[in-house]
Every structure is written in structure tokens, then in C-alpha cells.
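Geometric and topological summary
Listed below, chain by chain, are the residues.
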2 protein chains.
Amino acid sequence: MNAPPLTKNQALVFDVLEKAEGPLSAYTILDKLRDHGFRAPLQVYRALEKLLEYGVVHRLESINSFVACAHPGENCHSHGIVAFAICESCGQVMEFHDHEVDHRLMDWTRGKKFKAEKTTIEIRGLCEACAA
Amino acid sequence: MNAPPLTKNQALVFDVLEKAEGPLSAYTILDKLRDHGFRAPLQVYRALEKLLEYGVVHRLESINSFVACAHPGENCHSHGIVAFAICESCGQVMEFHDHEVDHRLMDWTRGKKFKAEKTTIEIRGLCEACAA
DNA sequence: ATCAATTGCGTTATGCTATAACGTGTGCGA
DNA sequence: TCGCACACGTTATAGCATAACGCAATTGAT
Ligand SMILES: [Zn+2]
Ligand SMILES: [Zn+2]
Ligand SMILES: [Zn+2]
Ligand SMILES: [Zn+2]
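The shown structure was predicted, so the numbers you read here are calculated from the model rather than taken from an experiment.

Let's talk about the coordination of the zinc ion (ligand 4)
All names here are of chain B. Taken together, the protein donors to the zinc ion (ligand 4) comprise Cys87 (SG), Cys90 (SG), Cys127 (SG) and Cys130 (SG), at separations of 2.2 to 2.3 Å. One can describe the site at the zinc ion (ligand 4) as tetrahedral: its four donor atoms subtend angles covering 106 to 115 degrees at the metal. Among the residues examined, Cys127 registers a relative accessible area of 4% and is labelled buried. Relative accessible area serves as the criterion here: at 26%, Cys130 is assigned to the partly exposed category.

Quick notes on the pairing of strand β5 (residues 115-126) of chain B
Bridge count for strand β5 (residues 115-126) of chain A against β5(B) is 11 bridges, and the pairing is antiparallel. Within β5(B), the residue paired with Glu122(A) across the bridge is Thr120(B). Pairing of strand β3 (residues 83-87) of chain B with β5(B) involves five bridges; the strand directions are parallel. Looking at the pairing, Ala85(B) lines up with Ile123(B) of β5(B).

Focus: the protein's contact with DNA strand C
By nearness alone, 15 residues border DNA strand C, and Tyr27(A), Arg59(A), Asn9(B), Gln43(B) and Arg46(B) come closest of all. Expressed as a percentage, the sugar and phosphate content of the atoms of DNA strand C within 4 Å of the protein is 45%. Side-chain polar atom of Ser25(A) to a phosphate oxygen of DNA strand C: 3.5 Å apart, as the coordinates give it. In the environment of DNA strand C, a base nitrogen lies 2.7 Å from a nitrogen or oxygen atom belonging to the side chain of Tyr27(A). When residues of the surface near DNA strand C are traced back to their parent elements, those giving at least two are α3 (41-54) of chain A together with α1 (8-19) and α3 (41-54) of chain B. By residue number, the principal contributor to the surface near DNA strand C is α3(B), which donates four residues. Residues of the surface near DNA strand C, tallied by class, amount to five nonpolar, five polar and five charged.

Quick notes on empty space enclosed by the protein
It is the rolling of a water-molecule-sized probe over the atoms that shows where space remains empty. A complete count under the given rule lists one cavity of 30 Å³ or more for this structure. Taken as a whole, the largest cavity holds about 30 Å³ of empty space. If you go around the largest cavity, the residues you meet are Leu105(A), Ile81(B), Ala83(B), Phe96(B), His97(B), Asp98(B), Val101(B), Asp102(B) and Ile121(B). Looking at side-chain class alone, the lining of the largest cavity contains six nonpolar, one polar and two charged residues.

Points about the pattern of salt bridges
Under the criterion given, the structure shown has 16 salt bridges over all chains. Here Arg104(B) and Asp98(A) are joined by a salt bridge, their closest N and O atoms 3.0 Å apart. Taken together, the residues span two chains, with Arg104(B) in helix α4 (residues 99-112) and Asp98(A) in the loop between β4 (93-96) and α4 (99-112). Given a relative accessible area of 31%, Arg104(B) falls into the partly exposed group. Using a relative accessible area of 13% as the deciding quantity, one classes Asp98(A) as buried. Among the salt bridges present, the one from Arg110(A) reaches Asp107(A), with a minimum N-O distance of 2.8 Å.

Points about the pairing of strand β1 (residues 57-60) of chain A
Residues and elements named next belong to chain A. Note that β1 and strand β2 (residues 65-68) share four bridges and pair antiparallel. Each residue of the ladder has a partner; that of Arg59, found in β2, is Phe66. Taking the residues that link successive antiparallel strands as the turn, the β1-β2 hairpin has four residues, and the phi of Asn64 there is positive, at about 50 degrees.

Thoughts on the side chain of Glu95(A)
All names here are of chain A. For Glu95, the location among the structural elements is in strand β4. Lys118 is the oppositely charged side chain nearest to the buried, salt-bridge-free Glu95, at an N-O distance of 10 Å. At 3.1 Å, the side chain of Glu95 and the side chain of His58 are in polar contact. At 3.4 Å, the side chain of Glu95 forms a polar contact with the side chain of His71. What Glu95 contacts, discounting residues up to four positions off in sequence, is His58, Ala68, Cys69, Ala70, His71, Cys76, Val82, Ala83 and Phe84.

Cut-offs and rules
- Residues numbered from 1 in each chain as written.
- Chains lettered and ligands numbered in written order.
- Predicted model: local features only at pLDDT ≥ 70, side-chain atom pairs only at ≥ 80, totals over all residues.
- Heavy atoms only, no water.
- Donors = N, O, S within 2.8 Å, 3.2 Å for Na, K, Ca; no water.
- Tetrahedral: all angles 85-135°; square planar, octahedral: opposite > 155°, others 65-115°.
- Buried < 20%, exposed > 50% of the residue type's maximum accessible area, 1.4 Å probe, protein only.
- Pairing = 2+ DSSP bridges.
- Helix = DSSP H or I, 4+ residues; strand = E, 2+ residues; numbered from the N terminus.
- Near = heavy atom within 4 Å.
- Polar contact = N/O pair within 3.5 Å; in protein donor to acceptor, adjacent residues only side chain to side chain.
- Nonpolar A, V, L, I, M, F, W, Y, C, P; charged D, E, K, R; others polar.
- 1 Å grid on protein atoms, 1.4 Å probe; cavity = no way out; pocket = protein on both sides within 12 Å on 5 of 7 lines; lining within 4 Å.
- Points joined across faces, edges and corners; volume = space filled by probe spheres on them.
- Salt bridge = Lys/Arg side-chain N within 4 Å of Asp/Glu carboxyl O.
- Lys, Arg positive; Asp, Glu negative; His and termini not counted.
- Contact = heavy atoms within 4.5 Å.

And the structure:
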């Protein structure tokens, strides 16, 4: 899915996520956009739904938050499985891809005849700075 | 963490999860235990907290649910990273371990000096039966 | 035996996350 | 012009998780 031009609300939500240091919850995004006329969670969730579909935003399942893709301009969906390392102290998120991991997981699913649709890999812990 | 004898509430919650076909949400567990005196979510969450700590229950982050470990009697924490394949149609969950995946992720974290505490791998899709 | 610390438990209240359902307006092709 | 798709706004509701209080039983020193 390539990203078509964003609508006003989509652009506002994306902008907040891009400027943020780390992942944000939908309600945090809502609060940051109240000055721009946002009043209800659905305005955020609807924008996020599209941004996720376009692959420019990722959802972090383990912390119920959203983060802008680390590959601006590219289509992240084409990179294979996305993995995240999330620092539980400072909130910083590192996004990476490992094709060997993809292959191992795909081998497993093929062996089980499991049709994978969406794979989540999230490592929570402490980044180098916070672990010191 | 080895599992000490379970308390009454812990045993009730674990029993519900063991007998279940698939993962259950905390509130579903609560409903199933109302006849046994459960009245409030905290009774479930407190039991789950311990069961997770003992490694006899796993939390599925992507669907906010809990499932009994597929390795009764063993200490699942010692198997390395746990991965799950979750059928979005029938709810069935397959738990597996892949040391090669573990190593790849550990290599990455070592390279970034990231101190991993807890890793989530969840594949959502369709099981063989449901994909047919 | 006594005291203090720990742990489990019950209850009430609250907060956070996500979606259902309804209606409006706009643009665009048949 | 009609019909449809889509974005948007609003209200209400559903679903997930924890804070804060108090009580009782257990344990393990002193
Ligand atoms: Zn990305
Ligand atoms: Zn950090
Ligand atoms: Zn297990
Ligand atoms: Zn299935």
C-alpha cells in the first residue's frame, strides 16, 4: 500500500507522531491536537487506521501506542517483518528488520500450514543510555 | 521462577485457562468465576500477575488475552523466547520456541547494547483448518 | 509469646483504550 | 442529477487495567 496524500486529520496525527520523541497513545495524540479542533478519540483512531494501512505508522501492541515509521518515504510494508526495541525507561523506540528472523518464522508457519497475516515482534528492556 | 503451590484464586484462574480452548480475556475469566465468588477484575488480575511470574500462563499482547502455557510441568521461562501463532478465526493458539530466532534477536540487542527484558513474538493469521 | 513485615484477599472507585451507531457534507463518475 | 464512497463530527458505550483503602493470615525474627 503506497501512501496517497494525507487528509487534514491524518496529516495532523502523523505530524504529532513524527515530532514526538517516542511512541504516543491515541489519547495523548488527542490531547496534543485539541488546539487543532480534535474533540473525540475516534478522530485519532480513524486517522491512525489509515496511517497504519499506508505503513507510515506502526502500532506497538505491548504498550498500546503508536510510532512514526523510521523509514520516511519508503514503504515499510515491503521490508518484511518489523521489529521494535522499546526502552521502558526513556520510551525510545528502535525499529529494525531481520530477514533471517523472518525466514525462521516463515519456515515455522509453512511447516504448520499457518497463514500469517500480521507479525508482532517487540523487545522491551533498557536502551544503552538507560541501562548504564 | 519455579511455581510454588498456587493459592485458591490462582488455582481457580489457572484451571479456567487450562480448560479453555483458546486464550481468554481477564473479564471473560472473571465471568467464568463469578459462581466461585469472584466479583472484581482485580481478583483475576492479581492471580494472573502471579501465574505470569511463575511462567505457567502467558499474556498475548496483541489480543489482550491470557493463555495457559503449552508446557505443563516445565518452566517455560527456561525455553528462551516464546512465540505464538494465533488464529484470528477460531482463536486457537500454538506456542513454540525457536532458538535461531532468539539468537538473531539477541545478536541485534547485543550490537545495540540494548538490555532485553521481555520479548513478544505473536503471529496472527489463520490456522490450517481455518485457512482452507 | 510478640511484634513487624509480607502476602493474599475483598471492595470501591477510577482511569485508560477502543469501537458502535448515527448523521453531515463533499466530491466524483454513471 | 443521482448514487456512491469517503472523510468527518458527535454521543454513547464497551472493554481493559489499576489505584487506594482496609482486613486477615502467615511467617520469621527478637
Ligand atoms: Zn517502519
Ligand atoms: Zn532508554
Ligand atoms: Zn509456555
Ligand atoms: Zn483457526
